[in-house]
Amino acid sequence: MKYTVYISLLLIVVPLQTTFMGAVSVGGVRPDLCLITAVLMGLALGRFEGLLVGLALGLVQDFFSAGVLGLNLVTKGISGLLAGVAGRYVAPTTPMTAFVVMFGLSVISGLVFLLSGRGGETAMEAVYGLYSVLLPQAVYDAVLAAVLYLLVGSHLHKLQTPDEVGARVGV
């Protein structure tokens, strides 16, 4: 059942990211649904699942984007992994935890993308991008992650096997 959920996520999240997220943009800032999904899976299910879902979503997103090939793969994969590490050492995981972890990982991911595209930008343009896009997107991602965790977090935890649950609580 777990792998059915993962495949469904791939078939749903990336098309939603490319089509629907433009309609819910606030001030031109769109949430990164693929990053949010990788982080929530990492928080709820652990490092391996966060890494696996993040890599898969990042790979599919890279195929459909015009950016640097592999950048989504790396950022989403590492974000899912780091969220899984955070989720393992924070018990119990709450929507506030999802907010804080998502905000931090969204800022880091945004910085990677901002710095990778700094071809002819001046320092002032980079700072403007930081305050006008990166930080508002991190807040938007974090709020959406907290709300989604509140709505589906308990359902995600049901995908864990008993061994994974024991590993999360240190048994």
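Up top is the structure.
Position labels on residues start from 1 in each chain and follow its written sequence. Where local features are concerned, this predicted model is filtered to residues with pLDDT of at least 70; where side-chain atom pairs are given and counted, the filter is 80 or more; whole-chain, interface and lining totals use all residues. Hydrogens and water are ignored here; the side-chain numbers use all heavy atoms of the structure.

(A) Here's a closer look at the overall build of the protein. Segments assigned H or I by DSSP are reported as helices when at least four residues long, segments assigned E as strands when at least two residues long, and all are numbered from the N terminus. When you go through the protein residue by residue, the secondary structure sums to seven helices and zero strands. Reading the protein from its N terminus to its C terminus gives the helix and strand order α-α-α-α-α-α-α. Burial analysis of the protein (171 residues in total) assigns 40% to the buried set. Pairs at least 24 apart in sequence give 71% of the contacts found in the protein among residues at least 6 apart. Values of accessible area rely on a 1.4 Å probe in the Shrake-Rupley scheme; residue burial ignores everything except the protein chains shown. In the structure as shown, the protein presents an accessible area of about 9,000 Å², 74% of it carried by carbon and sulfur atoms. Relative accessibility decides the category of a residue: with a 1.4 Å probe and only protein chains considered, values under 20% of the type maximum give buried, values over 50% give exposed, and everything between is partly exposed. Two residues qualify as a contact provided that any one of their heavy atoms is within 4.5 Å of a heavy atom in the partner residue.

(B) Region of interest: helix 5 (residues 95-116). Multiplying 1.5 Å by the residue count of a helix minus one yields the expected span of that helix. For helix 5, with 22 residues, the first-to-last C-alpha span of 31 Å sits near the 32 Å given by 1.5 Å per residue. Every buried residue of helix 5 is accounted for by Thr97, Ala98, Val101, Met102, Leu105, Ser106, Val107, Ser109, Gly110 and Leu114.

(C) Seen up close, the nonpolar core. Core analysis: the largest hydrophobic core is formed by 25 residues, its most contacted members being Val39 and Met102. For this core, the elements supplying multiple residues, two or more each, are helix 1 (2-19), helix 2 (33-45), helix 3 (47-63), helix 5 and helix 6 (123-157). When residues in this core are grouped by element, the largest group, ten residues, is from helix 2. Discounting residues that sit within four places of it in the chain, methionine 102 has contacts with Leu35, Ile36, Val39, Asp141, Ala142 and Ala145. Residues enter a nonpolar core if they are buried and are Ala, Val, Leu, Ile, Met, Phe, Trp, Tyr or Cys, with the set joined through side-chain atoms within 4.5 Å.

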